[in-house]
Amino acid sequence: MARRRLSEAIRWQIIGMHATGASFKAIGRQLGYHYTVISRLVRKHRQTGAVKDRPQSGRPRVTSEREDRAFLRIIRREPFSTSTVLKRAWLPNRHLSTRTVRNRLKAAGMAARRVIKRPRLTDDHKRRRLAWCLARQRWNLRTWRRIHWSDESRFLLHVTDGRLRVWRHRNTAYTPRNIRQTVPFGGGPVMVWGCISHDCKLDLVTVRGNLTGDQYMRHVLEPVVVTHFDNHPLATRPVYMDDNARPHRSRAVVDYLQNNAVTTLPWPAMSPDLNPLEHVWDILGRRIQALQPPVQTLRELEAALHREWLQVTREQIRRLTGGMRRRVDAVIRARGGFTRY
């Protein structure tokens, strides 16, 4: 059983009771402590004039400051390593526990956190991203609001999160309440196409099967994009943005857009952080996961996506599209590398 610690108020009460002539055993019986605890406290007060515990050295450190600095250099080189791997890489000939490794990580202000995933960027990708942003660094909102941002996204019926944890006792891993049931491939996906601008939001389109150039023209460009663009005078016609996916860059699609006077925005590869529509997909995904009761079929998922798309407000979209200068500046500061968007 752990010993009860004396609070500072109790300690001073003991000193006062002893000053009035009470014995150690009498004080101990009244307060519920052994008389030796009382005697040690009174002796400490006589010697130091205080009742607080004196500083203690604690357990000696098994590593030096120099070795700790070497450990931090290893962490900077290998941030994805486990504590066991770090222990072997740090002092392979020293008997250390993984607890020591975790203590040094904690002392350095480090903790295991969620990994941010981004597309792989080559040097060529970074150069093209940087050049794209430098060419548009001075665009104002009047220019950005002409851009119509489009994209496709897949939503799974059952989202699986590899970071999921469960609070349980030992040897209860296979208790039914501690098991998360899954289905193959997340139960199937629903693919949708969307388009937003600073001033409008086009209809959400469900993509059946794999998107091809012909399907892109017949189900997206012709009924939605070209029809919308034709409602604008030629002088103020919007600019259409889509990424470099194969269906978007097929010869038939390029010719179709040119024949219908749809101006497109050149796009640097691997740049989802420059497309504000990506954040709208994130909004939809969070809303779908929060639905109660949750969707059970692909038909219900599709209906929920269209319903939640209509609920995305103009203010939400304008906060995203109105921040394009900040996105561009972030890529420039990163020299074409990763950004927080």
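For every chain, the first residue of the written sequence is number 1, and numbering continues from 1 along that sequence. Restriction of local features to residues with pLDDT of at least 70 applies here, the model being predicted, together with a cutoff of 80 or more for giving and counting side-chain atom pairs; totals for whole chains, interfaces and linings are based on all residues. Values reported for side chains reflect all heavy atoms of the structure, with hydrogen atoms and water molecules removed beforehand.

Caption draft 1: View of the overall build of the protein. Only runs of H or I of at least four residues qualify as helices and only runs of E of at least two qualify as strands under DSSP, and these elements are numbered from the N terminus. For the protein, the helix and strand inventory stands at 14 helices and five strands. The globule rule puts the C-alpha radius of gyration for 341 residues at 20 Å, and the 32 Å found for the protein is more than 25% above it. With the C-alpha coordinates of the protein rotated into their principal frame, the extents come out at 105 × 50 × 45 Å. Surface accessibility of the protein: about 23,000 Å² in total, with carbon and sulfur atoms responsible for 51%. Only C-alpha atoms enter the radius of gyration, while the globule expectation follows 2.2 Å times N to the 0.38, with N the number of residues. Per-residue and other accessible areas follow the Shrake-Rupley method at a 1.4 Å probe size, with only the shown protein chains counted as cover for residues.

Caption draft 2: Quick peek at the sheet that holds strand β2 (residues 189-196). Between any two strands, pairing holds if DSSP finds at least two bridges. Pairing within the open sheet is mixed, and its five strands lie in the order β3-β2-β1-β4-β5. Either end of the sheet is taken by a strand with one partner, and the two such strands are β3 (205-207) and β5 (263-264). The contact criterion used throughout is that any non-hydrogen atoms of two residues lie within 4.5 Å. Fitted lines through C-alpha atoms give the axes, limited to the stretch in contact for helices. The angle between two N-to-C directions lies from 0 to 180 degrees. Each of β1 (147-156), β2 and β3 touches helix α12 (residues 298-311); the most contacted strand, β2, lies at about 15° to it.

Caption draft 3: Up close: the pairing of β2. Relative accessibility decides the category of a residue: with a 1.4 Å probe and only protein chains considered, values under 20% of the type maximum give buried, values over 50% give exposed, and everything between is partly exposed. Buried residues dominate β2, accounting for seven of its eight residues. Alignment of β1 against β2, held across eight bridges, turns out to be antiparallel. Paired with L156 across the bridge in β2 is P189. Note: β2 against β3, three bridges, orientation antiparallel. Note that in β3 the partner of V192 across the bridge is T206.

Caption draft 4: Quick peek at the packing of helix α1 (residues 8-19) against helix α2 (residues 24-31). α2 packs onto α1 with a crossing angle of 140° between their chain directions and a minimal axis gap of 10 Å. Here α1 is positioned oblique relative to α2, judged by the angle of their axes. Relative to α2, α1 is oriented so that their crossing is right-handed. Together, I10, Q13, I14, M17 and H18 of α1 and F24, I27, Q30 and L31 of α2 make up the contact between the two elements. Put simply, Ala, Val, Leu, Ile, Met, Phe, Trp, Tyr, Cys and Pro go in the nonpolar bin, Asp, Glu, Lys and Arg in the charged bin, and everything else, Gly too, in the polar bin. Considered class by class, the residues forming the contact of α1 with α2 number six nonpolar, three polar and no charged. Here the word oblique covers every angle except those under 35 degrees (roughly parallel), over 145 (roughly antiparallel) and from 65 to 115 (roughly perpendicular). Each crossing gets its handedness from the near helix: less than a right angle anticlockwise from the far helix is left-handed, clockwise is right-handed.

Caption draft 5: Spatial organisation of helix α14 (residues 324-333). Restricting attention to buried positions, one finds in α14 the residues M324, R327, V328, A330, V331 and I332. Where α14 is buried, its residues meet α7 (123-135), α8 (141-144), β1, α11 (277-289) and α13 (314-321).

Caption draft 6: Local environment of the nonpolar core. Ranked by internal contacts, the top residues of the largest apolar core, which has 35 residues, are W149 and L305. Listed by contribution, the elements that provide at least two residues to this core are α7, β1, β2, β4 (239-241), α11, α12, α13 and α14. With five residues, α11 is the largest single contributor of residues to this core. In this structure, L305 is in contact with F155, V190, V192, L204, L284 and I288, ignoring residues within four places of it in sequence. Among the nonpolar cores identified, the runner-up in size contains 20 residues, and V205, M217, V220 and V225 belong to it. Throughout this description, the term nonpolar core refers to a set of buried Ala, Val, Leu, Ile, Met, Phe, Trp, Tyr and Cys residues connected via side-chain atoms within 4.5 Å.

Caption draft 7: Region of the structure containing the packing of aromatic side chains. Note on aromatic pairs: the rings of Phe, Tyr and Trp (six-membered ring only in Trp) are paired at centre separations within 6.5 Å, and the planes decide the class, stacked below 30 degrees, edge-to-face beyond 60, tilted for the rest. One pass over the full model with this rule turns up nine aromatic pairs. Ring geometry for F229 and Y240: centres 6.2 Å apart, planes at 80°, overall edge-to-face. Highlighted residues: F229 in helix α9 (residues 213-229) and Y240 in strand β4, separated in sequence by 11 residues. In this structure, F229 and Y240 share a single accessibility class: buried. An aromatic cluster is built from W132, W139, W144, W149 and W267, whose rings are joined through pairwise contacts. The ring of Y341 carries R340 above its face, with NZ or CZ at 5.4 Å from the centroid. Charge over a ring is defined by NZ of Lys or CZ of Arg lying within 6 Å of the ring centre and within 35 degrees of the ring normal.

Caption draft 8: Just the UniProt feature "domain: Transposase Tc1-like" (unreviewed entry) in the protein, in detail. Mapped onto the present numbering, the UniProt feature "domain: Transposase Tc1-like" (unreviewed entry) falls at residues 68-136. The span residues 68-136 is 59% helical and 0% strand by assignment, and the distance between its end C-alpha atoms comes to 46 Å. UniProt positions are given in the numbering used here, feature names are shortened, and annotations may be inferred rather than shown by experiment.

Caption draft 9: Seen up close, the side chain of D273. Its place among the elements puts D273 in the loop between β5 and α11. By the criterion applied in these results, polar contacts are pairs of N or O atoms within 3.5 Å in which, for protein atoms, one can donate a hydrogen and the other can accept it, and in which residues neighboring in sequence qualify only through two side-chain atoms. Of note is the side chain of D273, whose polar atom sits 2.9 Å from the side chain of R129. Discounting residues that sit within four places of it in the chain, D273 has contacts with R129, R327, V331, T339 and Y341.

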